[in-house]
Amino acid sequence: VILVTSAGKVGAEAARVLAAQGIPVRLLIRDPEKVGTLARAGVEAAIGDLADRPSIDAAMRDVSGVVLVSPAVPDEEMNVVRSAAAAHVGHIVKISSKASLDSPVERRRNQARIEQGLIASGVGYTLLRNNAYMQNFLMLAPAIASTDSFSSASGDGRIGMIDTRDVAAAAAAIAAHPDDHLGRTYWPTGPESFSYADAAPRLSAVLGRHISFRSLSFAEQRQAMVDVGVPAPIAQMNAEAIALFAQGDSDWVTDDVMSITGRPPRTFDQFVTDNAEFFTVPASRQS
Ligand SMILES: NC(=O)c1ccc[n+]([C@@H]2O[C@H](COP(=O)([O-])OP(=O)(O)OC[C@H]3O[C@@H](n4cnc5c(N)ncnc54)[C@H](OP(=O)(O)O)[C@@H]3O)[C@@H](O)[C@H]2O)c1
């Protein structure tokens, strides 16, 4: 059994991909209301919480491999690593980012601490240090739908953005055949690097109406996220990561998705096409 440790964008999709291949997969999930659709896809649910070690130990029964994905709180992810080590699990795929202990972004420092804890645990591992997710644009979707514009403090910085479905596909492929990837670190990205300003004409072309882009300062960026309900500490970390985008910190592209999954990563146009409904006010609500 492969255990996937959370039911967010990457975890739920990785579990679906594994189940579709007939691989037994269990998803740790804290909200029983989310179980229904995943169960219909053949995913077994284990109700639990990453802060609750006994619930993780219960979910670890008969597990041979883990896809470790969550908001990356070190104590919580290390609960999974310790539980897996105690259960003699063979391999963990860790969903990470551009992690380093001296990063100015707390989340990246946390990712580095978790990576180090995993490596020290003795459990076989593979690290997926993903570039930024295209799905971050879904946070901007309500503004784009209602105002035909969006804004960011990322300046002219280009980013090798990746669709989370490709992160999930890579994680599932590795979990299904861990021996091919043991001890390796990958840097998955989408097919090309582009700025938020570059995204505006692409959104316009796919959605069939003019979408404009406006630059924000760091303080405006943080406040914009707080205004849409992002908790202040998370908004701070996100704004710090976006400030790094402006400096070209995420301007990198690899062919890791292709080499791991055998398929090219999805383009931004594909992402927008598949999520067009979120960027558009439904006709029934148009005045
Ligand atoms: N966003 C980016 O651009 C980016 C780029 C590179 C790497 N990453 C990394 O990707 C990871 C996030 O992946 P994602 O986008 O799939 O996350 P996500 O969509 O935000 O989902 C997070 C999931 O974790 C669950 N969760 C949170 N705390 C939990 C707990 N204590 N116990 C059990 N479940 C818990 C949430 O459950 P509820 O639904 O119940 O809240 C949610 O389903 C992070 O490690 C992040 O650093 C992100």
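All figures in this text were calculated on a predicted structure; none of them were measured in a lab.

A.B. asks: Describe the environment of Asn136, naming the residues involved and giving the relevant values.
C.D. replies: Here Asn136 lies in the loop between β6 (124-129) and α6 (141-147). Taking relative accessible area as the criterion, Asn136 reaches 26% and is therefore assigned partly exposed. A C-alpha to C-alpha distance of 9.5 Å links Asn136 and Asp163, two positions 27 residues apart in sequence.

A.B. asks: Lay out the packing of helix α4 (residues 74-86) against helix α5 (residues 106-121) in plain terms, naming residues and giving numbers.
C.D. replies: Across the interface, α4 lies against α5 with an axial gap of 10 Å and an inter-helix angle of 10°. Between α4 and α5, the interaxial angle falls into the category roughly parallel. The chirality of how α4 crosses α5 is right-handed. Together, Pro74, Glu77, Met78, Val81 and Ala85 of α4 and Asn110, Arg113, Ile114, Gly117, Leu118 and Ser121 of α5 make up the contact between the two elements. For the contact of α4 with α5, the residue count by class is six nonpolar, three polar and two charged.

A.B. asks: Explain the packing of α5 against helix α10 (residues 232-246) to me, and be specific about the residues and the numbers.
C.D. replies: Two elements in contact, α5 and α10, have axes separated by 8 Å at closest approach and are oriented at 95°. Considering their axes alone, α5 and α10 lie roughly perpendicular with respect to each other. On α10, the residues touching Glu106, Arg107 and Arg108 of α5 are Ile234, Met237, Asn238, Glu240 and Leu244. Split into classes, the residues belonging to the contact of α5 with α10 amount to three nonpolar, one polar and four charged.

A.B. asks: Could you give an account of the environment of Phe213, with specific residues and numbers?
C.D. replies: Considering the arrangement of structural elements, one finds Phe213 in strand β9 (residues 212-215). The spatial distance from the C-alpha of Phe213 to the C-alpha of Ala175 is 39 Å, given a sequence separation of 38 residues. Here Phe213 is in contact with Phe150, Ser151, Ser152, Tyr196, Ala197 and Ala200, once residues within four sequence places are set aside.

A.B. asks: Outline the environment of Ala171, listing residues and values.
C.D. replies: Among the structural elements, Ala171 can be located in helix α7 (residues 164-176). Note: C-alpha distance between Ala171 and Gly11 (160 residues apart in sequence) is 9.1 Å. If near-sequence neighbours (up to four positions away) are discounted, Ala171 is found in contact with Val67, Val93, Ile95 and Leu128.

A.B. asks: How would you explain the pattern of salt bridges if you had to name every residue and give the values?
C.D. replies: Per the counting criterion, the structure on display carries 14 salt bridges. Salt-bridge contacts for Asp249 lead to Arg108; the nearest nitrogen and oxygen are separated by 2.9 Å. Note that Asp249 is positioned in the loop between α10 and α11 (256-261) and Arg108 in helix α5, a separation of 141 residues in sequence. Assigned by exposure class, Asp249 and Arg108 land together as buried. Between Glu115 and Arg129 there is a salt bridge, and its shortest N-O distance comes to 2.5 Å.

A.B. asks: Summarise the site of the ligand; cite the residues concerned and give the values.
C.D. replies: By nearness alone, 24 residues border the ligand, and Val10, Lys34, Asp49, Gln111 and Asn136 come closest of all. Within the contact set of the ligand, an oxygen atom lies 3.0 Å away from a side-chain nitrogen or oxygen of Arg30. Within the backbone of Leu50, an N or O atom sits 2.9 Å from a nitrogen atom of the ligand. Look at the ligand: alone it shows 950 Å² of surface, and the protein chains cover 80% of it.

A.B. asks: Outline α10, listing residues and values.
C.D. replies: Residues separated by three or four positions in an α-helix point in the same direction, a consequence of the helix having 3.6 residues per turn. Here α10 is 15 residues long and its end C-alpha atoms lie 21 Å apart, about the 21 Å a rise of 1.5 Å per residue gives. Among all positions of α10, only Ala235, Met237, Asn238, Ala239, Glu240, Ala241, Ile242, Leu244 and Phe245 are buried. Residues of α10 that are buried make contact with α5, β7 (149-152), α8 (196-207) and α9 (218-227). Once α10 finishes, Gly248 follows within two positions and takes phi at roughly 85°, a positive value.

Criteria and cut-off values
- Throughout this description, residue numbers start from 1 for each chain and increase along the sequence as written.
- With pLDDT at 70 or above as the cut-off, local features in this predicted model cover only qualifying residues; side-chain atom pairs require 80 or more to be listed or tallied, and sums for whole chains, interfaces and linings still use all residues.
- To get the side-chain values, all heavy atoms of the structure are used, and hydrogens and water are removed first.
- A run of DSSP states H or I qualifies as a helix once it reaches four residues; a run of E qualifies as a strand once it reaches two. Both are numbered from the N-terminal end.
- Buried, partly exposed and exposed residues are distinguished by accessible area as a fraction of the type maximum, computed with a 1.4 Å probe on protein chains only: under 20%, between the cut-offs, and over 50%, respectively.
- In this analysis an axis means a line fitted to C-alpha atoms, helices contributing only their contacting stretch, and an angle means the value between N-to-C directions, from 0 to 180 degrees.
- Every angle not falling under 35 degrees, over 145, or within 65 to 115 is termed oblique; those three ranges are roughly parallel, roughly antiparallel and roughly perpendicular.
- Two helices that cross are described as forming a left-handed crossing if the nearer one is turned anticlockwise from the farther one by less than a right angle, and a right-handed crossing if clockwise.
- We call two residues in contact whenever any of their non-hydrogen atoms come within 4.5 Å of each other.
- Throughout this entry, Asp, Glu, Lys and Arg are counted as charged residues, while Ala, Val, Leu, Ile, Met, Phe, Trp, Tyr, Cys and Pro are counted as nonpolar. The remaining residues, Gly among them, count as polar.
- Any Lys or Arg side-chain nitrogen found within 4 Å of a carboxyl oxygen on Asp or Glu counts as a salt bridge.
- If even one non-hydrogen atom of a residue comes within 4 Å of a molecule or strand, that residue is called near it.
- Counting of polar contacts relies on pairs of N or O atoms within 3.5 Å, with two restrictions inside protein: one atom must be capable of donating a hydrogen and the other of accepting it, and residues adjacent in sequence are counted only when both atoms are side-chain atoms.
- Using a 1.4 Å probe, accessible areas were evaluated by the Shrake-Rupley method; residue-level cover was limited to the displayed protein chains.
- What a helix should span is 1.5 Å times the count of its residues minus one.

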